[in-house]
Amino acid sequence: MNYRVIKSNRKTMAIQVRDDGVIVRTPYYVPDTEINRFIREHETWIRKKLSELEEDKKQIQKTEPLSMDEIRALADQALKVIPERVRYYAPLIGVTYGRITIRNQKTRWGSCSAKGNLNFNCLLLLAPPEVVDSVVVHELCHRKEMNHSKAFYEEVLRVFPDYYKWNGWLKENGRALMMRMTG
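Residues numbered from 1 in each chain as written. Predicted model: local features only at pLDDT ≥ 70, side-chain atom pairs only at ≥ 80, totals over all residues. Heavy atoms only, no water.

A. Local environment of the pairing of strand S6 (residues 118-121). Burial of S6 is two-sided: the residues Leu118 and Phe120 facing one way and the residues Asn119 and Asn121 facing the other way are all buried. In the sheet, strand S4 (residues 100-103) pairs with S6 via 4 bridges, with the strands oriented parallel. Across the sheet, Thr101 pairs through a bridge with Asn119, a residue of S6. Counting the residues in the hairpin turn of strand S5 (residues 110-112) and S6 gives 5 residues, including Gly116, whose phi is positive at 90°. (Buried < 20%, exposed > 50% of the residue type's maximum accessible area, 1.4 Å probe, protein only. Helix = DSSP H or I, 4+ residues; strand = E, 2+ residues; numbered from the N terminus. Pairing = 2+ DSSP bridges.)

B. Expanded view of the environment of Glu34. Checked against the element boundaries, Glu34 lands in helix H1 (residues 32-41). Glu34 sits 109 residues away from Arg143 along the chain, and the two C-alpha atoms are 40 Å apart.

C. Broad picture of the packing of aromatic side chains. Here the structure, examined in full by the defined rule, presents 6 aromatic pairs. Aromatic side chains Tyr89 and Phe160 sit 6.3 Å apart centroid to centroid with 80° between the ring planes, which places their arrangement in the edge-to-face category. Taken together, the positions of Tyr89 in helix H3 (residues 68-93) and Phe160 in the loop between helix H5 (150-159) and helix H6 (163-182) put the pair 71 residues apart, joining distant regions of the chain. You can call Tyr89 buried: its relative accessible area is 6%. Aromatic pair Phe152 and Tyr153: ring centres 4.9 Å apart, planes at 80°, arrangement edge-to-face. (Phe/Tyr/Trp six-rings, centres within 6.5 Å; stacked < 30°, edge-to-face > 60°.)

Below is the structure:
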């Protein structure tokens, strides 16, 4: 199996399966024999992910991209819906926020800056409303915890107990939605 190794100051090994190949991220001190063993142990998972990527490529060829007019319409709709959801959830979480921006991004559903500005992908409006809420709550909880720690997820679940269900929906279907943007 072909893979690329990237060594850095990290503490653990990790595998990424991407369109451009398999990447093993590892601490500087890990010998090649250990990297090879790590790859062998995860070979089934790697092959599954590579197969999923191939299926995604086939889907891309079948996917109807959104027109610029459709993207604008989605962004306009998102400008009405998402700020309303942010206003609803912010007091439940006990946080304030800055600017809300709607974008047509190809890789992210939302983000929260250190200043409290929130960004959301207009493609969220193609998903069920609960998915929108799960992303809104996720980003607002970053106002309390700018990380993905246990405390962060405890806060997310306190406010939105079905978070994992809808986050799972997004993981399963999100790539197909993103393909509408990239065509």
